[in-house]
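# Coordinate analysis (summary)
Single-letter residue listing:
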Amino acid sequence: MRSLFVAFILGFFMAMGGFVSVAFGQGGLALGPAHTCVLAQGAVKCWGANSSGQLGNGSATPSNVPVAVKGLPGREIKAVAAGKAAVTCALVSPAPEAGVIKHGHELWCVGNNNYGLARGNGTYNGMATSFVQVPLWEVAYQKDEKGKDVLVNGKKVKVEQWGVEEVAIGGSHLLARIGGHVYTWGEAWGSPSPAHGALGRPTKISKKDAFKPIRVTSWDGAVSIAAGEKFSCAVLNSGKVLCAGDNSYGGLGKGDRNKATTPQEVKNITRAVSVVAGGQFACALLSDSTVQCWGA
C-alpha cells in the first residue's frame, strides 16, 4: 500500500514543481529539485546538479548520466533519500561489533554542509563530496548490580545500539527516526527571524545546537516522518499527525496560517499510517487506504 502511495505522491509532487525525499524497501528512488539518485543491485548512482557535492562522486561537477557514489562502506545499503537542501543520504547496515546487539541502520550523507546538514556533527559550512557517516545512535550500556554503568579501561560497555530507520530531507533541514524517536538538525530560523520552527524544538540563533541531531520529544512515538521546505511532520503511533514550522500556506494543517515552533496536531486526522511533504504541502495515507492532503 505504501509503495502505491509513494508512486502517486512522486508523480503529483513533481508535476507541481515540488520536491520529495523517499526511502523504502530494498530499492529506492530519491528526487531532489535538480538531482536524482537510485539504489539498484546494491549500489547507489546519482545524476544532475552537483554544486554542493550532492552526487557523492567526489566532485562538484554536474553529470547528465548516472555516476557511482564514493565513501559508502561495503555493507548492504537499505535505502537512499534526497531533498532540496542539496543533500543525499543513505541507510547502511551497521558494522558488527563484538558483544553489541545493533538495530536499524547507519546514516551516511553527502553534499551541502551549511547548517551542519551533511555531517551532522556540529560543523556548519562547506560541503562533503563523498559520503560521511552522521554520528547518530541511541545506546544502552551494561549496568552492575547497583545500576551503575560498567566501565572497561574507563569506557562504558555498550550492550545494545539503535540506528536510523527513516530519514527525511527538507529545504535546509533533516529529520531522522530511530524507532519512535525523531532527531532534527539544520537551519532553524529562516528569513525573517524569529525561527520558523522546522526543527520542532527550541534553538538558539548563532548557536551550534541547531547543527547536530537532537531528539524532539514532542514527536515521541513516531512511525513516519516528512520534511517540507520550511516545515516538518511526523505520524505518531496514535494515528495523529503533528507538524511544526512555517505555515504560510497552511502546510501545518492546523486550521490557520500561524507558524508553530513546536509540533502541533493536524486537524481531522486520527488514523494516519504515513506522511510525505512537498515544498508547502503535505499528504497523509490513512489506515482505510485513503489520502488526505493540506497546504498550498
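Residues numbered from 1 in each chain as written. Predicted model: local features only at pLDDT ≥ 70, side-chain atom pairs only at ≥ 80, totals over all residues. Heavy atoms only, no water.

Turning to the confidence of the model for the protein chain, a few remarks are in order. Per-residue pLDDT for the protein chain averages 89, and the proportion of residues at 70 or more is 87%. Under a pLDDT of 50 for its full length, residues 3-27 has, in the predicted model, 61 contacts with residues more than four places off or in other chains. (pLDDT = per-residue confidence, 0-100. Contact = heavy atoms within 4.5 Å.)

Spatial strand order, β18-β19-β20-β21: four strands in an open sheet with antiparallel pairing. Edge positions in the sheet fall to β18 (222-227) and β21 (260-265), since each of these pairs with one other strand and no more. The sheet shows a mean angle of 15 degrees between the axes of neighbouring strands, taken without regard to direction. Across five bridges, strand β19 (residues 231-236) lies against strand β20 (residues 241-245) in antiparallel orientation. Paired with Ala-234 across the two strands is Leu-242, which belongs to β20. (Pairing = 2+ DSSP bridges. Helix = DSSP H or I, 4+ residues; strand = E, 2+ residues; numbered from the N terminus. Axes fitted to C-alpha atoms, helices over the stretch in contact; angles between N-to-C directions.)

Per the stated rule, a full pass over the model turns up four disulfides. The disulfide partner of Cys-89 is Cys-109, and the gap between their sulfur atoms is 2.1 Å. Note on the Cys-89 and Cys-109 pair: the S-S dihedral is about 105 degrees, so by sign convention the disulfide is right-handed. A residue pair is termed long-range when its members are at least 10 positions apart, and Cys-89 in strand β6 (residues 87-92) and Cys-109 in strand β8 (residues 106-112) qualify at 20 residues. Cys-109 carries the same exposure label as Cys-89, and that label is buried. Between the sulfur of Cys-233 and that of Cys-243 lies a disulfide, 2.1 Å long from S to S. Of note, the bridge from Cys-233 to Cys-243 carries an S-S torsion of about 110 degrees and is right-handed in sense. Taken as a pair, Cys-233 in strand β19 and Cys-243 in strand β20 lie far apart in primary sequence, ten residues in all. We classify Cys-233 as buried; its relative accessible area is 0%. Listing the disulfide partners of the protein chain by sequence rank of the bonded cysteines yields 1-2, 3-4, 5-6, 7-8. (Disulfide = S-S within 2.5 Å. Buried < 20%, exposed > 50% of the residue type's maximum accessible area, 1.4 Å probe, protein only.)

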